[in-house]
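Observations on the three-dimensional arrangement
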Amino acid sequence: MGTLGRVAVLGGGIGGLAAAHYLRKRAPGAKVLLLEGSERLGGWLWSNRRPDGAVFELGPRGVRPVGAVGRNTLNLVSWRRLRTC
Ligand SMILES: Cc1cc2nc3c(=O)[nH]c(=O)nc-3n(C[C@H](O)[C@H](O)[C@H](O)COP(=O)(O)OP(=O)(O)OC[C@H]3O[C@@H](n4cnc5c(N)ncnc54)[C@H](O)[C@@H]3O)c2cc1C
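Heads up: these notes are all about the structure in this document. (Residues numbered from 1 in each chain as written. Predicted model: local features only at pLDDT ≥ 70, side-chain atom pairs only at ≥ 80, totals over all residues. Heavy atoms only, no water.)

For the coordinates displayed, the defined rule picks out 0 aromatic pairs. The side chain of arginine 40 reaches across the aromatic face of tryptophan 46, ending 3.9 Å from its centre. (Phe/Tyr/Trp six-rings, centres within 6.5 Å; stacked < 30°, edge-to-face > 60°. Lys NZ or Arg CZ within 6 Å of the ring centre and 35° of its normal.)

Structure below.
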């Protein structure tokens, strides 16, 4: 990736978060601004944990670990040490 100055990423769903992540990784000098219109990040990804510990996924609840895209998703989960339920 060439030289990037400032980049605005619109939307803090998984697409925007992943874009911001890879921009930071591949263009470390770039200033990345993530703009989210709502009060929370995640977009459709929304895990709702009840007091008894049960977790309800209000949006997606699985990844398809197939091919390069699936491998990339699993790498991202592993790199961020995201917990699975
Ligand atoms: C019920 C359900 C089940 C699903 N199950 C699966 C599954 O099991 N596996 C799977 O792989 N996929 C699943 N999907 C699809 C997956 O959830 C979506 O493809 C993915 O979450 C989309 O991410 P995104 O970042 O592209 O968009 P979004 O999650 O829609 O995020 C967009 C973000 O941009 C923000 N935004 C919008 N407009 C503006 C603006 N003008 N300025 C600033 N911010 C803005 C929004 O507030 C939001 O936070 C499911 C979807 C649903 C609804």
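Take the site of the ligand next. In the vicinity of the ligand, 16 residues are found, and the nearest of them are Gly15, Glu36, Gly37, Trp44 and Gly62. Tryptophan 44 is positioned such that a nitrogen or oxygen atom in its backbone is 2.9 Å from an oxygen atom of the ligand. Glycine 62 is positioned such that a nitrogen or oxygen atom in its backbone is 2.7 Å from a nitrogen atom of the ligand. Bound to the protein, the ligand loses 50% of the 1000 Å² it would expose on its own. Here the shell around the ligand is built from residues that sort into 5 nonpolar, 9 polar and 2 charged. (Near = heavy atom within 4 Å. Polar contact = N/O pair within 3.5 Å; in protein donor to acceptor, adjacent residues only side chain to side chain. Areas by Shrake-Rupley, 256 points an atom, 1.4 Å probe, with all protein chains shown as cover. Nonpolar A, V, L, I, M, F, W, Y, C, P; charged D, E, K, R; others polar.)

Right, let's talk about the side chain of histidine 21 for a bit. Relative to the helices and strands, histidine 21 is located in helix α1 (residues 14-26). By relative accessible area, histidine 21 is classed as buried at 15%. Apart from the residues lying within four places of it in its own chain, the contact partners of histidine 21 are Leu76 and Trp79. (Helix = DSSP H or I, 4+ residues; strand = E, 2+ residues; numbered from the N terminus. Buried < 20%, exposed > 50% of the residue type's maximum accessible area, 1.4 Å probe, protein only. Contact = heavy atoms within 4.5 Å.)

Right, let's talk about the packing of α1 against helix α2 (residues 67-79) for a bit. The N-to-C vectors of α1 and α2 enclose an angle of 75°; their axes lie 13 Å apart at closest approach. When the axes of α1 and α2 are compared, the pair comes out roughly perpendicular. Contacts between α1 and α2 involve Ala18, His21 and Tyr22 from the former and Asn72, Leu76 and Trp79 from the latter. Taken together, the residues of the contact of α1 with α2 break down into 4 nonpolar, 2 polar and no charged. (Axes fitted to C-alpha atoms, helices over the stretch in contact; angles between N-to-C directions. Parallel < 35°, antiparallel > 145°, perpendicular 65-115°, else oblique.)

The next subject is α1. Here α1 is 13 residues long and its end C-alpha atoms lie 18 Å apart, about the 18 Å a rise of 1.5 Å per residue gives. Turning to α1, its buried residues number three or more, namely Gly16, Ala18, Ala20, His21, Tyr22 and Leu23. (Expected span 1.5 Å × (residues − 1).)

Glancing now at the pattern of salt bridges. Going through the model one piece at a time under the given rule, you end up with 1 salt bridge. One salt bridge in this structure joins aspartate 52 and arginine 50, with 2.4 Å as the shortest N-O distance. Since its relative accessible area comes to 53%, aspartate 52 is described here as exposed. (Salt bridge = Lys/Arg side-chain N within 4 Å of Asp/Glu carboxyl O.)

Moving on to the environment of leucine 74. By secondary structure assignment, the location of leucine 74 is in helix α2. Residues leucine 74 and alanine 20, spaced 54 residues apart in sequence, show a C-alpha to C-alpha distance of 17 Å. Beyond its immediate sequence surroundings of up to four residues, leucine 74 is in contact with Val63 and Pro65.

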